[in-house]
Amino acid sequence: MGKVLTLTSAVNADTTDMIEMIHAAGHEVTIGPDFVGVSWSDEVGDEIRRLLAGHDALIVGGVEIRRDTIEASPDLRVISRTGVGYDAVDAAAAAENEIPVVIAVGSNHITVAEYAFGLMLALGRQMLPHHQIVIGGEWRRVPNIDLAGKTLGIAGLGRIGRALADRALAFEMEVIGYEVYPSLEFVESRGIQLVDIDELCRRSDFVSLHLPVTDETSKIINAERLRLMNPSAYIVNTARGGLIDENALYAALRGGQIAGAGLDVFEPEPPVGSPLLDLPNVIASPHAAGISRESVHRMGYQAVENALAVLSGSWPREIVVNGVYSDA
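Computed from a prediction, not measured in an experiment: that's the story for all the values here. (Residues numbered from 1 in each chain as written. Predicted model: local features only at pLDDT ≥ 70, side-chain atom pairs only at ≥ 80, totals over all residues. Heavy atoms only, no water.)

Draft legend 1. Inspection of the sheet that holds strand 9 (residues 206–209) at higher detail. Reading across the sheet, the seven strands line up as 8-7-6-9-10-11-12 and stay open at both edges, with parallel pairing between neighbours. Either end of the sheet is taken by a strand with one partner, and the two such strands are strand 8 (193–194) and strand 12 (282–284). Pairing analysis gives four bridges linking strand 9 to strand 10 (residues 234–237), with the strands arranged parallel. From the neighbouring strand, Val207 faces strand 10, where its bridge partner is Ile235. (Pairing = 2+ DSSP bridges. Helix = DSSP H or I, 4+ residues; strand = E, 2+ residues; numbered from the N terminus.)

This is the structure:
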């Protein structure tokens, strides 16, 4: 019998299916807070370490799991993330301690793609300004554009980028893509041209980011690349805030260098005091692109399944992000 700590409402809110799955596998469950909207502090770290003591598995959402927490948890055998991002977890420290970090692969790619496309529609069709005009007592229209016939540049053609491409093609958009390791079968079957990131910025009416943050991709959208974009172009980011130099983006938006931005992610989060929030051509949301009623259930369910697989002694390689495999 093992002990499982859950620090995510994706599991904790479900008092039947998911908790019962853990009990049915013969394990105890401790339900802790999910820390959503709580800024990191030493007190938060202390609380997580206190809760984690004596537990074999951690199922977690977006709260940071740092090296000191991992090294202070000798019983820990698995860290299971409810989403596909894992930058809040020190995966290297977990690997050094032979703890697999596992993710809920494929649980919310459609959800994120829909949200990204929704931001494109809202920006292009000026939905937010029209809303403000009507509730302000006026009755006038702001010039806006069709998406049909426009070029969408997708930076990152993983599951989310590919799902977005299919939706854009259904709206009769041209799609180009930047991807280091593309699925050639996918891009060829959809007629997607692969380009470098500079050409993608230069040619696109909409740029949508779907990359992880790495040394190579950090601030990939910077002042130089924003200067390559057309004044009528929009940028959408539902991936990670660290992909964009936010100071450069602010300058580009305020100066009319690009038309607008849809930002679901920021650096840091929450973006308290960010000047981007004062701009009328920015639509902002609270890292919500991957969160729907359906995706939350899928993420929680898969995170539980993944944790139980590791506790059973065998787990599939495709869910592991830090190289700690059961068949190594």
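Draft legend 2. How the structure looks around the packing of aromatic side chains. Under the definition given, this model contains two aromatic pairs. Geometrically, the ring pair formed by Phe206 and Tyr234 is stacked, given 5.3 Å between the ring centres and 20° between the ring planes. One end of the pair, Phe206, is in strand 9; the other, Tyr234, is in strand 10, with 28 residues separating them in the sequence. Taking relative accessible area as the criterion, Phe206 reaches 0% and is therefore assigned buried. Here the basic side chain of Arg162 rests over the ring of Phe186, its NZ or CZ set 6.0 Å away from the ring centre. Across from the ring centre of Tyr325, 3.8 Å away, lies the NZ or CZ of Arg317, which sits over that ring. (Phe/Tyr/Trp six-rings, centres within 6.5 Å; stacked < 30°, edge-to-face > 60°. Buried < 20%, exposed > 50% of the residue type's maximum accessible area, 1.4 Å probe, protein only. Lys NZ or Arg CZ within 6 Å of the ring centre and 35° of its normal.)

Draft legend 3. Summary view of the sheet that holds strand 2 (residues 28–31). Spatially, 2-1-3-4-5 is the arrangement adopted by the five strands of the open sheet, whose pairing is parallel. Either end of the sheet is taken by a strand with one partner, and the two such strands are strand 2 and strand 5 (101–102). Sheet topology note: the strand 4 (residues 78–81)/strand 5 ladder contains two bridges and is parallel. Within the sheet, the bridge partner assigned to Ser80 lies in strand 5 and is Val102. Contacts from helix 2 (residues 17–24) reach strand 1 (3–7), strand 2 and strand 3 (57–60), with the element oriented near 145° to strand 2. Docked against the sheet, helix 13 (residues 293–312) engages strand 1, strand 3, strand 4 and strand 5, running at close to 165° with respect to strand 4. (Contact = heavy atoms within 4.5 Å. Axes fitted to C-alpha atoms, helices over the stretch in contact; angles between N-to-C directions.)

Draft legend 4. Spatial organisation of the packing of helix 6 (residues 109–124) against helix 8 (residues 159–170). Running from N to C, helix 6 and helix 8 point in directions that differ by 50°, and their axes come no closer than 8 Å. In terms of orientation, helix 6 and helix 8 fall into the oblique class. Along this stretch, helix 6 crosses helix 8, giving a crossing that reads as right-handed. Between helix 6 and helix 8, the contacting residues are His109, Ile110, Val112, Ala113, Glu114, Ala116, Phe117 and Met120 on the first element and Arg159, Ile160, Ala163, Leu164, Arg167 and Ala168 on the second. Among the residues making up the contact of helix 6 with helix 8, the classes are represented as ten nonpolar, one polar and three charged. (Parallel < 35°, antiparallel > 145°, perpendicular 65-115°, else oblique. Left-handed = near helix turned anticlockwise from the far one by under 90°. Nonpolar A, V, L, I, M, F, W, Y, C, P; charged D, E, K, R; others polar.)

Draft legend 5. Quick look at the nonpolar core. Of all hydrophobic cores here, the largest spans 30 residues; its most connected members are Ile235 and Leu249. Listed by contribution, the elements that provide at least two residues to this core are strand 7 (174–178), helix 10 (197–203), strand 9, helix 12 (246–254) and strand 11 (260–263). Per-element tally for this core: the top contributor is helix 12, with four residues. Setting aside residues no more than four positions away along its own chain, Leu249 makes contact with Leu226, Ile235, Ile244, Ile258, Ala261, Leu263 and Leu276. (Core = buried A, V, L, I, M, F, W, Y, C linked by side-chain atoms within 4.5 Å.)

Draft legend 6. Representation of the pattern of salt bridges within the structure. Within the structure shown, the criterion is met by 15 salt bridges. For the salt bridge of Lys219 with Glu267, the shortest nitrogen-to-oxygen distance reads 2.8 Å. With a gap of 48 residues between them, Lys219 in the loop between strand 9 and helix 11 (223–228) and Glu267 in the loop between strand 11 and strand 12 connect regions that are remote in the sequence. One salt-bridge network, held together by shared partners, links Arg67, Glu71, Asp90 and Glu96. (Salt bridge = Lys/Arg side-chain N within 4 Å of Asp/Glu carboxyl O.)

Draft legend 7. View of helix 8. Taking 1.5 Å of rise per residue, the twelve residues of helix 8 would be expected to cover 16 Å, and the 17 Å separating its terminal C-alpha atoms lies within 8% of that figure. Along helix 8, the residues classified as buried are Ile160, Gly161, Ala163, Leu164, Ala165 and Ala168. Buried-residue contacts for helix 8 involve helix 6, strand 6 (151–155), strand 7, helix 9 (184–190) and strand 9. Glu172 lies just past helix 8 and shows a positive phi near 65°. (Expected span 1.5 Å × (residues − 1).)

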